[in-house]
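Listed here are the chains, written in short residue letters.
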Amino acid sequence: MKLIYVFTRGVRKGRLKMQNSGAVVTPWEVKGEVDYDELIRQFGVEPLDRLMIERLGRHAGGLHVLLRRGMFFSHREFGDWMKSYEEGVRVALYTGRGPSGNTHLGHLIPWIFTKYLQDAFKADLFFQMTDDEKFLFNPELSIEDINKFTEENLLDIIAVGFDPKRTKIFADLSYTKKLYNIAVRVAKHVTFSTARATFGFSESSNIGMVFFPAMQAAPCFLPQYIDGKDTHVLIPCAIDQEPYWRISRDVAPKLGYRKPAGIYSKFIPGLGAGGKMSASMPETAIFLSDTECEAIKKVKNAFTGGQPTIREQKEKGGNPDVCVIYSYLYSLFEESDAEVAETYKSCKSGGKTCGECKESLAKKVAAFLKEHHRRREKAKDCVQDFLLRE
Ligand code: TRP
């Protein structure tokens, strides 16, 4: 059994806890097979239960596939946030992107879900691009590199289809005045000891890194800071960002703001055996900049739960539970419940080969990319409509 670090509630007491769930989950690193039930306990968040999902479905007029199939799996006070909405309190959404490279499918998952929430609740979305974070945390990246990624990533974000009238995208290094004003107020309430315990900073961390969590906390309070109106913010994001919200929630009442609620996703696996999709392993990640051909090739080379030969597959059947192809169909790409159930059954019984499943996923991924590329081209003409100005 591998020993790993997970930042848990216990670390608030000033030490990093060693866990042995076989995975590492921090805002900067996600490695290994994540046990999500364990993560729920460690992060002290709530599982997204059926009642909560149905309540959201009633507001949204339907259940998104990411919700039905458990990709979004946990939350913090999401019920309270919906209650605010039901009672007429202004609600807003906040999510973000650290522009450290090209965008891949894994990054897109929380954004697709955020769009679904924006449409359902007619909410303003505040979208932070943490160019400062990626500069401070990556010794090898220059400001020029980051600026290039910010510009490129911005198009992928817009291509998701957010409502231009309700979406405000900003990068920390440009939209600085208000953010910094909020961040210093946050920072005053966070000791070095808490920051170190929550994020694992050390003597050799640069001082920008230590301040940065205040910059990521700031947008939790931005909607209200801008016009003074009471606002309940919900953060849809991948679960690894949770440590930031712990700090934000601790500080909120001290600054006279509501605590932000959160709704959290799992990580999409990479196309190889084990681990999440990661830009550092390009052959196992589907980048939004990949051509359709490149993506199809990656899908065809992916790890499956199949037997080594077709004969064995027919005799013994495959194992969809460990199959990356199946998990992509299940989590995102196959909307039909009947179809996904049929694929599961016929894989297990040996009726379906890996080739067939790969073919089916490859087609869906290619169609998805084609549409994304089209929208990304269009996005170039309307960047200004989305940018938040001082
Ligand atoms: N730190 C995130 C990253 O590295 C970017 C980010 C900033 C973010 N604010 C956020 C992500 C809010 C989710 C929600 O990608």
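Residues numbered from 1 in each chain as written. Predicted model: local features only at pLDDT ≥ 70, side-chain atom pairs only at ≥ 80, totals over all residues. Heavy atoms only, no water.

Enquirer: Which residues make up the overall build of the protein chain, and what values go with them?
Expert: Counting its regular elements, the protein chain contains 18 helices and 11 strands. In terms of C-alpha radius of gyration, the protein chain reaches 21 Å, essentially the compact-globule figure of 21 Å for 390 residues. Along the first, second and third principal axes, the C-alpha set of the protein chain runs to 65 × 50 × 45 Å. Burial status across the protein chain gives 53% buried among its 390 residues. Contacts spanning at least 24 positions in sequence make up 77% of the contacts within the protein chain whose residues lie at least 6 apart. On the protein chain, roughly 17,600 Å² of surface is accessible, and the fraction owed to carbon and sulfur atoms is 52%. Each charge class in the protein chain can be summarised by its mean position, and for the 56 positive and 50 negative side chains these summaries are 3 Å apart. (Helix = DSSP H or I, 4+ residues; strand = E, 2+ residues; numbered from the N terminus. Rg over C-alpha atoms; globule rule 2.2 N^0.38 Å. Buried < 20%, exposed > 50% of the residue type's maximum accessible area, 1.4 Å probe, protein only. Contact = heavy atoms within 4.5 Å. Areas by Shrake-Rupley, 256 points an atom, 1.4 Å probe, with all protein chains shown as cover. Lys, Arg positive; Asp, Glu negative; His and termini not counted. Charge placed at Lys NZ, Arg CZ, Asp CG, Glu CD.)

Enquirer: Could you give an account of the site of the ligand, with specific residues and numbers?
Expert: Taken together, 14 residues lie around the ligand, and Tyr94, Gln128, Glu133, Lys134 and Gln216 are the ones closest in. One of the side-chain N or O atoms of lysine 134 is found 3.0 Å from an oxygen atom in the ligand. For the ligand, the protein covers 91% of the area, taking 370 Å² as the surface of the free molecule. Looking at the shell around the ligand, the elements with two or more residues in it are β7 (90-97), α6 (131-137) and β10 (231-238). (Near = heavy atom within 4 Å. Polar contact = N/O pair within 3.5 Å; in protein donor to acceptor, adjacent residues only side chain to side chain.)

Enquirer: Outline the sheet that holds β10, listing residues and values.
Expert: Reading across the sheet, the seven strands line up as β5-β6-β11-β10-β7-β8-β9 and stay open at both edges, with mixed pairing between neighbours. Strands with a single pairing partner mark the edges of an open sheet, and in this sheet they are β5 (46-47) and β9 (167-171). Pairing between β5 and strand β6 (residues 72-76): two bridges, direction antiparallel. Bridged to proline 47 within β6 is serine 74. (Pairing = 2+ DSSP bridges.)

Enquirer: Describe the side chain of threonine 343, with residues and values.
Expert: One can find threonine 343 in helix α16 (residues 337-348). Classification of threonine 343 as buried rests on a relative accessible area of 7%. With sequence-adjacent residues up to four places away left out, threonine 343 is seen in contact with Tyr326, Lys352 and Cys357.

Enquirer: An account of unusual backbone geometry is needed here, citing residue identities and associated values.
Expert: For glutamate 77, which is not a glycine, the phi torsion comes out positive at approximately 50 degrees. By the secondary structure assignment, glutamate 77 is in the loop between β6 and α4 (78-86). One non-glycine residue, lysine 122, lies in positive phi territory at about 50 degrees. Mapped onto the secondary structure, lysine 122 falls in the loop between α5 (105-121) and β8 (124-129).

Enquirer: Explain the pairing of strand β11 (residues 261-265) to me, and be specific about the residues and the numbers.
Expert: Of all five residues making up β11, five are buried, and the element is well covered by its neighbours. Of the two faces of β11, the one carrying Ala261, Ile263 and Ser265 and the one carrying Gly262 and Tyr264 are both buried. Bridge count for β10 against β11 is five bridges, and the pairing is parallel. Residue pairing across strands places proline 236 opposite isoleucine 263, the latter belonging to β11.

Enquirer: Mind laying out the pattern of salt bridges, listing which residues take part and the relevant values?
Expert: Per the counting criterion, the structure on display carries 26 salt bridges. Two residues, aspartate 163 and arginine 166, come together in a salt bridge whose shortest N-O distance is 2.9 Å. Residue classification places aspartate 163 among the buried residues on the basis of a relative accessible area of 16%. Linking arginine 375 and glutamate 371 is a salt bridge whose minimum nitrogen-to-oxygen distance equals 3.1 Å. Of this pair, arginine 375 and glutamate 371 both sit in helix α17 (residues 354-379), four residues apart, which is roughly one turn of the helix. Look at the salt bridges and you will find they share partners, linking Arg68, Arg69, Glu335 and Asp337 into a network. (Salt bridge = Lys/Arg side-chain N within 4 Å of Asp/Glu carboxyl O.)

Enquirer: How would you summarise the packing of aromatic side chains if you had to cite specific residues and measurements?
Expert: In the structure shown here, the tally under the stated rule is 25 aromatic pairs. Ring centres 6.3 Å apart and planes at 80 degrees place the aromatic pair tryptophan 28 and tyrosine 244 in the edge-to-face group. Of the two residues, tryptophan 28 is situated in the loop between β3 (23-26) and β4 (29-32) and tyrosine 244 in helix α12 (residues 242-255); the sequence distance between them amounts to 216 residues. Overall, the relative accessible area of 1% leaves tyrosine 244 in the buried class. Members of the aromatic cluster, joined through ring pairs, are Trp28, Tyr94, Phe137, Phe199, Phe201, Phe212, Tyr244 and Trp245. One cation-aromatic arrangement involves arginine 69 over tyrosine 330; the distance from NZ or CZ to the ring centre is 5.4 Å. (Phe/Tyr/Trp six-rings, centres within 6.5 Å; stacked < 30°, edge-to-face > 60°. Lys NZ or Arg CZ within 6 Å of the ring centre and 35° of its normal.)

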